[in-house]
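Coordinates in review
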Amino acid sequence: MEGVDHLAHERNKAQFDVAVMKAVWAGSRDAYELFHRFSRLVANDPEMFIPAIKAQATEEQQKQWLPLANKMKIIGSYTQTELGHGSNVRGLETTATFDPKTDEFVLNSPTLTATKWWPGGLGKIATHALAHARLIIDDKDYGVHGFLVQLRSLDDHLTLPGITIGDIGMKYGSGAYNTMDNGSLIFDHVRIPRNQMLMRLSQVTREGKYVPSNVPRQLSYGTMVYVRQKIVFDASIALSRAVCISTRYSAVRRQFGSHNGSPETQVIDYKTQQARLFPLLASAYAIRFVSEWLNSFYKDLLQRLEAKDFSTLPEAHACTAGLKSITTSVAADGIEECRKLCGGHGYLTSSGLPELSAVYIPACTYEGDNVVMLLQVARYLMKTISQLKSGNKPVGTTAYLGRAEQLMQYHSDVLRAEDWLKPNVVVEAFEARAARMSMACAQNLSKFNNPEDGFQELSADLVEAATAHCQLIIVSKFIEKLQQDIPGKGVKEQLGVLRSIYALFLLHKHIGDFLSTDCITPKQGYLANEQLRSLYSQVRPNAIALVDAFNYTDHFLSSVLGRYDGNVYPKLYEEAWKDPLNDTSIPDGFHEYVQPMLKQPLHHGRL
Ligand SMILES: CCCCCCCCCCCCCCCCCC(=O)SCCNC(=O)CCNC(=O)[C@H](O)C(C)(C)COP(=O)(O)OP(=O)(O)OC[C@H]1O[C@@H](n2cnc3c(N)ncnc32)[C@H](O)[C@@H]1OP(=O)(O)O
Ligand SMILES: Cc1cc2nc3c(=O)[nH]c(=O)nc-3n(C[C@H](O)[C@H](O)[C@H](O)COP(=O)(O)OP(=O)(O)OC[C@H]3O[C@@H](n4cnc5c(N)ncnc54)[C@H](O)[C@@H]3O)c2cc1C
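Residues numbered from 1 in each chain as written. Chains lettered and ligands numbered in written order. Predicted model: local features only at pLDDT ≥ 70, side-chain atom pairs only at ≥ 80, totals over all residues.

1. A word on the overall build of the protein chain
Our working definition: Helix and strand assignments come from DSSP, with helices taken as H or I runs of at least 4 residues and strands as E runs of at least 2, each series counted from the N terminus. Every radius of gyration here is taken over C-alpha atoms, with the globule rule written as 2.2 Å times N^0.38, N being the number of residues. In this scheme every C-beta is placed from the backbone, and a residue whose C-beta has 20 or more other C-beta atoms within 10 Å is buried, one with 12 or fewer is exposed, and one in between is partly exposed. Remark: residues whose backbone-derived C-beta atoms lie within 7 Å of one another are considered to be in contact.
Per the secondary structure count, the protein chain includes 21 helices and 11 strands. In terms of overall dimensions, the protein chain is globule-like: its C-alpha atoms have a radius of gyration of 28 Å, near the 25 Å expected for 607 residues. A principal-axis box enclosing the C-alpha atoms of the protein chain has dimensions of 95 × 80 × 60 Å. Expressed as a percentage of the 607 residues in the protein chain, the buried residues total 41%. The long-range share in the protein chain, meaning contacts at least 24 apart out of those at least 6 apart in sequence, stands at 73%.

Set out below in structure tokens:
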């Protein structure tokens with residue numbers, strides 16, 4: 001039935017002010033208003049190229065290139081990865097050799113594996129590339145630097161001499177990511193003026209002298225820090241979108257449990273459905289709040305960099321790399337779980353979930369493979385621990401390691417299930433687990449003569465320690481969020497329930513870590529699980545309102561199952577009838593191929 005809200009009875013159960021929760025989810029009332037207006041107007045517009053120019057170009061270069069890029073007079077592609085190397089940026093093979101006679105750089109791809117491979121926009125549309133290449137002067141290799149290279153004519157869009165470009169072909173699934181022209185590029189001695197090397201961090205003079213910067217060389221990786229923190233925000237959108245679909249559908253879908261003609265049970269009332277769905281709902285909120293914090297940390301970093309204060313750069317790298325890894329993995333796995341939570345209909349394109357999954361899963365790989373990113377966090381943790389001996393007091397997200405001695409003595413004092421609702425009880429357990437896992441790695445590393453050998457050998461443990469550290473950050477930031485003044489009837493209470501679900505679900509999932517590090521006893525683990533079950537019951541009446549608070553339009557969700565009005569079945573049927581296969585009752589090829597088979601005479605005794 002059109003116009004009827006089939007989920008109204010669910011919305012009436014809500015015990016909190018949904019309008020206020022919408023503003024909390026959006027970040028502020030203003031952000032909510034803005035999102036509300038614009039989400040109805042615009043689609044996602046991924047940035048690549050422009051942040052890199054801002055980070056790596058001199059002011060003069062920015063004045064020349066940014067207006068062109070902003071006004072779309074040129075279209076840029078962030079061209080870093082090659083066929084042979086993606087994670088190992090220092091291993092890139094493309095060369096940019098300085099020619100002092102002509103005051104130019106000569107870009108060249110010396111091997112097949114030096115072919116640029118993957119950059120978005122490169123295959124068909126980009127006019128320019130921010131190409132990463134090894135700077136060579138007088139046969140000396142100065143490592144990877146960024147160069148602005150024109151690829152195609154601005155008159156007829158044909159590729160310029162010495163440049164071979166193609167699209168790298170179809171990607172996973174048949175979905176929207178295939179509309180992105182990820183490309184391949186070979187340079188054959190392509191010349192560009194010297195001033196097209198991005199020279200904010202280091203310069204090459206007219207005489208061919210390399211002038212290294214007096215700022216950390218890691219600043220050249222600044223674009224990745226910027227994009228990774230944006231990806232954390234995107235993870236909250238992708239996961240919440242899938243959770244919204246599967247929560248609404250779980251309230252509509254009924255299976256079993258009818259007594260004397262009463263309606264069957266809504267699948268959202270099955271405890272197994274709740275135990276799979278509600279941690280994802282809580283994770284969406286948790287990722288949202290940590291992304292809010294990460295963004296403010298990043299803005300603070302930018303202000304410091306302006307003032308030549310580089311002190312928080314290593315932490316910013318560790319946080320953006322680690323949170324990018326954890327949140328994209330949770331979102332990608334969560335989307336797949338949401339598909340399963342919708343049963344068979346979840347596999348239909350019209351559910352919106354297969355498309356969302358196919359588009360989202362590469363987030364675990366692009367902008368840094370998730371395992372490689374966690375290894376970067378582990379390096380940061382090991383470095384922090386190694387500096388404890390010299391009296392360096394860690395700050396920020398590693399401050400707890402400064403209390404390592406105390407945390408090594410910690411034993412949880414939880415006696416009753418409700419004790420697990422206390423934020424300090426949860427934080428202490430997560431801190432102790434993370435500290436003990438990192439300290440154990442550091443201790444094992446010290447047994448190796450060569451630290452790099454040790455790092456390789458222990459890398460699986462190091463990844464787990466880094467995971468524990470990142471989960472501690474997310475739990476802590478959720479708790480800090482709730483220390484803010486949040487108005488609105490019941491809003492803070494609901495967020496408190498979600499915070500506890502998020503933390504206790506992680507504890508349940510990683511119970512092996514908590515037990516093997518002796519932070520909690522098996523009995524305390526059991527009590528945490530008992531508390532978790534009761535939290536699921538508390539979230540149940542609010543589930544629909546909590547996903548309504550994401551404020552997603554039906555257009556944005558693109559899902560028959562996730563419709564706001566819950567009118568699923570008629571729309572599912574209607575959608576199926578739009579399939580071109582249903583345009584005719586007899587399929588193409590039937591008369592040529594199938595009918596002759598059907599008309600073959602049956603021989604006696606055999607088919
Ligand atoms: C249905 C419709 C649906 C619609 C939804 C639509 C949604 C669509 C969304 C689409 C978005 C698409 C976007 C795609 C963008 C992809 C772009 C890319 O992948 S571009 C390509 C991206 N490519 C990648 O991400 C490559 C990944 N690889 C890397 O990042 C690096 O090579 C590495 C870090 C792994 C190693 O590097 P290496 O040099 O060997 O490093 P060492 O270990 O030797 O460390 C040296 C020192 O540097 C330090 N440091 C390191 N990094 C940073 C940093 N960022 N900052 C600061 N510092 C950093 C490090 O801590 C260490 O410090 P210290 O100890 O000395 O103090
Ligand atoms: C959809 C998509 C869009 C992209 N867009 C762009 C773009 O616009 N511009 C651009 O330049 N690039 C782009 N990329 C490339 C992307 O950044 C790289 O693919 C990514 O950084 C991973 O690098 P890789 O492919 O070399 O993986 P590899 O490093 O080869 O990873 C393969 C396996 O090796 C493991 N591994 C690698 N190193 C280590 C290590 N040190 N220790 C332990 N395990 C390790 C990884 O965990 C992984 O399991 C894109 C990629 C995709 C999928």
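2. Some details on the domain arrangement of the protein chain
The criterion, for reference: Segmentation of the chain into domains, including their bounds, is taken from an automatic or database domain assignment. Basically, the charged four are Asp, Glu, Lys and Arg, the nonpolar ten are Ala, Val, Leu, Ile, Met, Phe, Trp, Tyr, Cys and Pro, and anything else, Gly included, counts as polar.
Its domain assignment divides the protein chain into domain 1 (58-199) and domain 2 (223-546). Computed over C-alpha atoms only, the centres of domain 1 and domain 2 are separated by 37 Å. Of the residues lining the interface, 6 residues belong to domain 1; the matching set on domain 2 comes to 6 residues. Partitioned by chemical class, the residues of the side of domain 1 that touches domain 2 number 3 nonpolar, 3 polar and no charged.

3. Notes on the site of ligand 2
What counts here: Each residue receives a C-beta atom placed from its backbone. It is near a molecule or strand if this atom lies within 6 Å of it.
Surveying the vicinity of ligand 2 reveals 22 residues, the closest of which are Gln 80, Thr 81, Gly 86, Ser 87 and Trp 118. Elements supplying a minimum of two residues to the shell around ligand 2: β1 (76-79) and α10 (370-386). By residue number, the principal contributor to the shell around ligand 2 is α10, which donates 3 residues. Considered class by class, the residues forming the shell around ligand 2 number 9 nonpolar, 11 polar and 2 charged.

4. Remarks on the pairing of strand β5 (residues 128-137)
In plain terms, the rule: For two strands to be treated as a pair, DSSP must find at least two bridges joining them.
With respect to burial, β5 is a largely interior element, 7 of its 10 residues being buried. Both β1 and β5 contribute to a ladder of 4 bridges, which runs parallel. Counted as the bridge partner of Ser 77 is Ala 129 from β5. Sheet topology places strand β2 (residues 95-99) next to β5; 3 bridges connect them, and they run parallel. Counted as the bridge partner of Ala 96 is Leu 135 from β5. Alignment of β5 against strand β6 (residues 140-150), held across 9 bridges, turns out to be antiparallel. Each residue of the ladder has a partner; that of Leu 130, found in β6, is Leu 148.

5. A short note on the site of ligand 1
By nearness alone, 29 residues border ligand 1, and Val 89, Gln 218, Tyr 221, His 317 and Gly 368 come closest of all. Contributing elements (two or more residues each) for the shell around ligand 1: α6 (222-252), α8 (313-341), α9 (353-360) and α10. In terms of residue class, the shell around ligand 1 is built from 13 nonpolar, 11 polar and 5 charged. In terms of domain composition, the shell around ligand 1 takes at least three residues from each of domain 1 (58-199) and domain 2 (223-546).

6. Side note on the sheet that holds strand β7 (residues 163-167)
One open sheet holds the 3 strands; their spatial order is β4-β8-β7, and the pairing between them is antiparallel. Two strands lie at the open edges of the sheet, namely β4 (116-117) and β7, each paired on one side alone.

7. Thoughts on the UniProt feature "active site" (unreviewed entry) in the protein chain
We count it as follows: UniProt positions are given in the numbering used here, feature names are shortened, and annotations may be inferred rather than shown by experiment.
UniProt's entry tags Glu 367 with the feature "active site" (unreviewed entry), counted in the numbering of this structure. As for its placement among the helices and strands, Glu 367 is situated in the loop between α9 and α10. We classify Glu 367 as buried; it has 21 C-beta atoms within 10 Å. Residues in contact with Glu 367, not counting those within four places in the same chain, are Met 224, Val 227, Arg 228, Ile 231 and Lys 324.

8. Some details on helix α2 (residues 18-26)
If you check which residues of α2 are buried, you get Val 18, Met 21, Ala 23, Val 24, Trp 25 and Ala 26. Gly 27 occupies a position one or two residues after α2 and carries a positive phi of about 115°.

9. Let's talk about the packing of α8 against helix α14 (residues 459-482)
Convention followed: Only the stretch in contact is used when fitting a helix axis, every axis being a line fitted to C-alpha atoms; angles between N-to-C directions are given from 0 to 180 degrees. Here is the rule for angles: anything less than 35 degrees is roughly parallel, anything more than 145 is roughly antiparallel, 65 through 115 is roughly perpendicular, and the remaining ranges are oblique.
The contact between α8 and α14 brings their axes to 10 Å, and the two run at 90°. Overall, the two elements α8 and α14 adopt an arrangement that is roughly perpendicular. Residue-level contacts link Cys 319, Gly 322, Leu 323 and Ile 326 of α8 to Ala 466, Thr 467, His 469, Cys 470, Gln 471 and Ile 473 of α14. Split into classes, the residues belonging to the contact of α8 with α14 amount to 6 nonpolar, 4 polar and no charged.

10. Quick word on the confidence of the model for the protein chain
To keep things clear, this is the line we draw: The predictor attaches a confidence to each residue, and that confidence, scored 0 to 100, is pLDDT.
When pLDDT is averaged across the protein chain, the result is 94; 97% of the residues are at 70 or more. Confidence drops under a pLDDT of 50 for residues 40-46, and excluding neighbours within four residues, the segment shows 1 contact in the predicted structure. Across the interfaces of the predicted complex, the ipTM metric reaches 0.95, alongside a pTM of 0.94.

11. Quick look at the UniProt feature "domain: Acyl-CoA oxidase C-alpha1" (unreviewed entry) in the protein chain
Mapped onto the present numbering, the UniProt feature "domain: Acyl-CoA oxidase C-alpha1" (unreviewed entry) falls on residues 221-382. In residues 221-382, the share of helix is 72% and the share of strand is 0%. The end C-alpha atoms are 21 Å apart.

12. A short note on the environment of Ile 74
Looking at where Ile 74 falls in the secondary structure, it is placed in the loop between α5 (59-70) and β1. For Ile 74, a count of 19 C-beta atoms within 10 Å puts it in the partly exposed group. With 435 residues separating them along the chain, Ile 74 and Lys 509 place their C-alpha atoms 49 Å apart. Each residue touching Ile 74, except ones within four places of it in the same chain, is listed here: Leu 68, Ala 69, Thr 127 and His 128.

13. What to know about the packing of helix α12 (residues 423-445) against α14
Rules: A crossing counts as left-handed when the near helix is turned anticlockwise from the far one by less than a right angle, and as right-handed when that turn is clockwise.
In the contact formed by α12 and α14, the axes pass within 9 Å of each other and the chain directions differ by 160°. As summarised for this structure, α12 and α14 are arranged roughly antiparallel, according to the angle between their axes. Once α12 is placed against α14, the crossing between them reads as left-handed. Seen from α12, the contacting residues are Pro 423, Val 426, Val 427, Phe 430, Glu 431, Arg 433, Ala 434, Met 437, Ser 438 and Cys 441; seen from α14, they are Asp 461, Leu 462, Glu 464, Ala 465, Ala 468, His 469, Gln 471, Leu 472, Val 475, Ser 476 and Ile 479. Taken together, the residues of the contact of α12 with α14 break down into 13 nonpolar, 4 polar and 4 charged.

14. A few points about α6
Our working rule: A helix is expected to reach a length of 1.5 Å times the quantity of its residues less one.
In this model α6 runs 46 Å from its N-terminal to its C-terminal C-alpha over 31 residues, within 8% of the 45 Å that 1.5 Å per residue would give. The element α6 is largely enclosed, with a buried count of 28 among its 31 residues.

15. Here's the deal with unusual backbone geometry
One non-glycine residue, His 189, adopts positive backbone phi at about 50°. Looking at where His 189 falls in the secondary structure, it is placed in the loop between β8 (183-187) and β9 (190-193). Since 12 C-beta atoms lie within 10 Å of it, His 189 is described here as exposed. Phi at Asn 551 takes a positive value of approximately 65°, unusual for a residue other than glycine. With respect to the secondary-structure elements, Asn 551 resides in the loop between α18 (543-548) and α19 (554-557).

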